[in-house]
Amino acid sequence: MEQKCISQCQDWILLNSKYPSSYLKVSFTRLEETAIAGPKGKIIKIMRTVSNSERISMIHKYYLQDSSQQILLAYSKFIYDKNFNLKLVLSSLTDSTVNVNELESINWKSTFGK
């Protein structure tokens, strides 16, 4: 499953970047189980949790040409559902609040996207 997630990360970057030929992978973290719900069901941030959680994440470090045609070192967090389908891509590695995925996607797209 880890290889499937790596492949989905790379496919997403190649499909959504303005300069896909500049993509150069550096590293991937291991898959990590994560959750999006707080202790009382409040959706507050993405956090590490126990087995059988609803989300799985992986951090990818890579080089990619940005919109100003400079090669940048980037880190993105890719989040999957429990069936290993890609659900979110965050350009920030910090814990994130509700709806930040939309902001992060816009940030990534303004820097690297088509």
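Use the structure listed above.
Definitions and cut-offs
- Residues numbered from 1 in each chain as written.
- Predicted model: local features only at pLDDT ≥ 70, side-chain atom pairs only at ≥ 80, totals over all residues.
- Heavy atoms only, no water.
- Buried < 20%, exposed > 50% of the residue type's maximum accessible area, 1.4 Å probe, protein only.
- Helix = DSSP H or I, 4+ residues; strand = E, 2+ residues; numbered from the N terminus.
- Pairing = 2+ DSSP bridges.
- Polar contact = N/O pair within 3.5 Å; in protein donor to acceptor, adjacent residues only side chain to side chain.
- Core = buried A, V, L, I, M, F, W, Y, C linked by side-chain atoms within 4.5 Å.
- Contact = heavy atoms within 4.5 Å.
- Phe/Tyr/Trp six-rings, centres within 6.5 Å; stacked < 30°, edge-to-face > 60°.
- Patch = residues over 30% accessible without salt bridge, like charges linked within 9 Å, V, L, I, M, F, W, Y side chains within 5 Å.
- Areas by Shrake-Rupley, 256 points an atom, 1.4 Å probe, with all protein chains shown as cover.
- Salt bridge = Lys/Arg side-chain N within 4 Å of Asp/Glu carboxyl O.

Chemist: Sorry, what's going on with the pairing of strand β4 (residues 55–65) here?
Modeler: Two faces belong to every sheet, and in a regular strand the side chains alternate between them. Burial of β4 is extensive: 8 of the 11 residues sit out of reach of the surface. For strand β1 (residues 24–28) and β4, the ladder comprises 4 bridges, and the chain directions are antiparallel. Bridging across to β4, Lys25 finds its partner in Tyr62. Taken together, the 11 bridges between β4 and strand β5 (residues 71–81) define a ladder with antiparallel strand orientation. Along β5, the bridge assignment pairs Ile59 with Lys77. From the end of β4 to the start of β5, which pair antiparallel, there are 5 residues, and Gln69 there has a positive phi angle of about 70°.

Chemist: Can you walk me through the side chain of Asp81 in this structure?
Modeler: With respect to the secondary-structure elements, Asp81 resides in strand β5. Polar contacts involving the side chain of Asp81 include one to the main-chain amide nitrogen of Asn83, which spans 2.9 Å.

Chemist: For this particular structure, what's the right way to read the environment of Leu88?
Modeler: Of note, Leu88 is situated in strand β6 (residues 86–90). It is 8.1 Å that separates the C-alpha atoms of Leu88 and Lys77, two residues lying 11 residues apart in sequence.

Chemist: For this particular structure, what's the right way to read the nonpolar core?
Modeler: Soluble globular proteins tend to bury their nonpolar side chains together. Ranked by size, the top nonpolar core spans 17 residues in total, and within it Ile13, Tyr62, Leu64, Phe78, Tyr80 and Trp108 carry the most contacts. Contributions of two or more residues to this core are made by α1 (2–16), β4, β5 and α2 (100–112). In terms of residue count, the dominant contributor to this core is α1 (5 residues). Contact partners of Trp108, with chain neighbours within four places excluded, come to Trp12, Ile13, Asn16, Ser17, Tyr62, Leu64, Ser76, Ser91 and Gly113.

Chemist: What exactly am I supposed to notice about the environment of Lys82 here?
Modeler: Positionally, Lys82 belongs in the loop between β5 and β6. Lys82 gets classed as exposed once you look at its relative accessible area, which sits at 60%. Note: C-alpha distance between Lys82 and Glu33 (49 residues apart in sequence) is 8.9 Å.

Chemist: Mind showing me how you'd approach the packing of aromatic side chains here?
Modeler: Note on aromatic pairs: each is described by the distance of the centres and the angle between the planes. Evaluation of the coordinates by the stated rule reveals 2 aromatic pairs. Seen in terms of ring centroids, Trp12 and Phe78 are 6.1 Å apart; in terms of plane orientation they differ by 80°. Their pairing is edge-to-face. Highlighted residues: Trp12 in helix α1 and Phe78 in strand β5, separated in sequence by 66 residues. Each member of the pair, Trp12 as well as Phe78, carries the same accessibility label: buried. Arranged with centres 6.0 Å apart and planes meeting at 50°, the rings of Tyr23 and Tyr62 form a pair that is tilted. With Tyr23 in the loop between α1 and β1 and Tyr62 in strand β4, the pair connects residues that are 39 residues apart, well separated along the chain.

Chemist: Got a minute to help me understand a nonpolar patch on the surface in this structure?
Modeler: Side chains of Leu24, Val26, Tyr63, Ile71, Leu73 and Tyr75 sit close together on the surface and give an oily, nonpolar patch of about 530 Å² of accessible area. For the nonpolar patch, the element with the highest residue contribution is β5, accounting for 3 residues.

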